[in-house]
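Chain residues, written in single-letter form:
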Amino acid sequence: MTVTEALNKRNSIRAYLPKPIPKETLMEVFTAAQRTPSWANTQPWEVFVATGDTLKRIKDAATGGAPGGGYGGGTDLPMPGEWSEDARRRTATIGASMQRDCGDAMGQFGSLNASMYNAPAVIYLCIDKAHGQWSLYDIGAYSQSVMLAAKERGLGTIPAIMLVTKPDVIRKELGIPDNLNIAIGIAIGYPDPDNKINNLHTERDDVNTAVRFGE
Ligand SMILES: Cc1cc2nc3c(=O)[nH]c(=O)nc-3n(C[C@H](O)[C@H](O)[C@H](O)COP(=O)(O)O)c2cc1C
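I will try to describe carefully the structure that is included in this document. For clarity, every value in this text was computed on a predicted model and none was experimentally measured. (Residues numbered from 1 in each chain as written. Predicted model: local features only at pLDDT ≥ 70, side-chain atom pairs only at ≥ 80, totals over all residues. Heavy atoms only, no water.)

### Some thoughts on the packing of aromatic side chains
Alright, step 1. Evaluated as defined, the whole model comprises 3 aromatic pairs.
Alright, step 2. The interplanar angle of 50° and the centroid separation of 5.2 Å between the aromatic rings of W39 and W134 together place this pair among those described as tilted. You can see W39 sitting in the loop between α2 (23–33) and β1 (46–51) and its partner W134 sitting in helix α7 (residues 134–152), a full 95 residues away along the chain.
Alright, step 3. Its relative accessible area of 54% is what places W134 among the exposed residues.
Alright, step 4. For the ring pair W134 and Y137, a centre distance of 6.2 Å and an interplane angle of 55° mean the geometry is tilted. Remark: Y137 and W134 occur in helix α7; sequence separation between them is 3 residues, near one turn of the helix.
Alright, step 5. Lying over the aromatic face of Y190, K19 brings its terminal NZ or CZ to 4.2 Å of the ring centre. (Phe/Tyr/Trp six-rings, centres within 6.5 Å; stacked < 30°, edge-to-face > 60°. Helix = DSSP H or I, 4+ residues; strand = E, 2+ residues; numbered from the N terminus. Buried < 20%, exposed > 50% of the residue type's maximum accessible area, 1.4 Å probe, protein only. Lys NZ or Arg CZ within 6 Å of the ring centre and 35° of its normal.)

### Concerning the site of the ligand
Alright, step 1. Close contacts around the ligand come from 16 residues, with R10, S12, R14, N113 and R204 the closest.
Alright, step 2. In the environment of the ligand, an oxygen atom lies 2.9 Å from a nitrogen or oxygen atom belonging to the side chain of T202.
Alright, step 3. Contact with the protein chains covers 68% of the free accessible surface of the ligand, which is 620 Å².
Alright, step 4. Elements with a minimum of two residues in the shell around the ligand: α6 (109–114) and β3 (156–160).
Alright, step 5. Tallied by class, residues from the shell around the ligand come to 9 nonpolar, 4 polar and 3 charged. (Near = heavy atom within 4 Å. Polar contact = N/O pair within 3.5 Å; in protein donor to acceptor, adjacent residues only side chain to side chain. Areas by Shrake-Rupley, 256 points an atom, 1.4 Å probe, with all protein chains shown as cover. Nonpolar A, V, L, I, M, F, W, Y, C, P; charged D, E, K, R; others polar.)

### Remarks on the side chain of T36
Alright, step 1. Here T36 lies in the loop between α2 and β1.
Alright, step 2. Within the local environment of T36, its side chain forms a polar contact with the backbone oxygen of A33, the two atoms lying 2.5 Å apart.
Alright, step 3. Here the side chain of T36 touches S145 through a polar contact of 2.8 Å, side chain to side chain.
Alright, step 4. Once residues lying within four places of it in the same chain are set aside, the contact partners of T36 are W45, D138, A141, Y142 and S145. (Contact = heavy atoms within 4.5 Å.)

### Quick notes on α2
Alright, step 1. All of the buried residues along α2 are T25, L26, V29, F30 and A33. Taken around the axis of α2, the buried residues stretch over an arc of 135°, which confines them to a single face. Opposite the packed face of α2, turned more than 90 degrees from it, sit the exposed residues K23, E24 and T31.
Alright, step 2. The inward-facing, buried residues of α2 abut β1, β2 (121–128), α7 and β4 (180–189). (Arc of directions from axis to C-beta.)

Following this line, the structure appears as structure tokens:
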């Protein structure tokens, strides 16, 4: 698979098979992603992986199966405020894409989000609170490295804010120190080929609307 093929074929996966990922495979993904560029080679990504019972405890707490459970509670990083008109227009295309690609399966969107997509593993990407905003640029690049390296190995992924709305629970279960912000979660696993929610291929604006040359 070429990088361009991986870019074109990757999509967010919201339904997973109940099949564990071998640790060696996960380590291959992280080893590839470790080559991600960063500001002055600061490599600000701090990576925590929840699987098995640990993930189950996080899920129970996050989805209401445990005392104090349920979504809400906020995220370590502030939620976005206003979006531009163009951004709102692009987001608004998702509904029609879902109807086209997923049919009835689109009805599961909310419940799959709430059940953490039943993924066998969730990767939490954290950043030291001492770092400025530029580290978030590096974390974003690292995320894409993880997602493409996963795709190459037949694994699906989804970066999701829904995965990090219980930072206190995640911090406790994974022993994440207080000096780190939990930036984002990436669910990872083998895609369920029978769930049409995974067929969703969202639209992109024409490349010419994003790129301008000064010649
Ligand atoms: C920072 C970030 C947060 C996201 N949070 C969620 C989420 O909570 N739930 C969800 O279903 N998708 C979430 N997504 C996935 C986006 O909806 C998805 O990437 C976008 O619609 C483009 O679709 P694609 O990833 O299939 O190409 C998130 C993506 C990013 C980058």
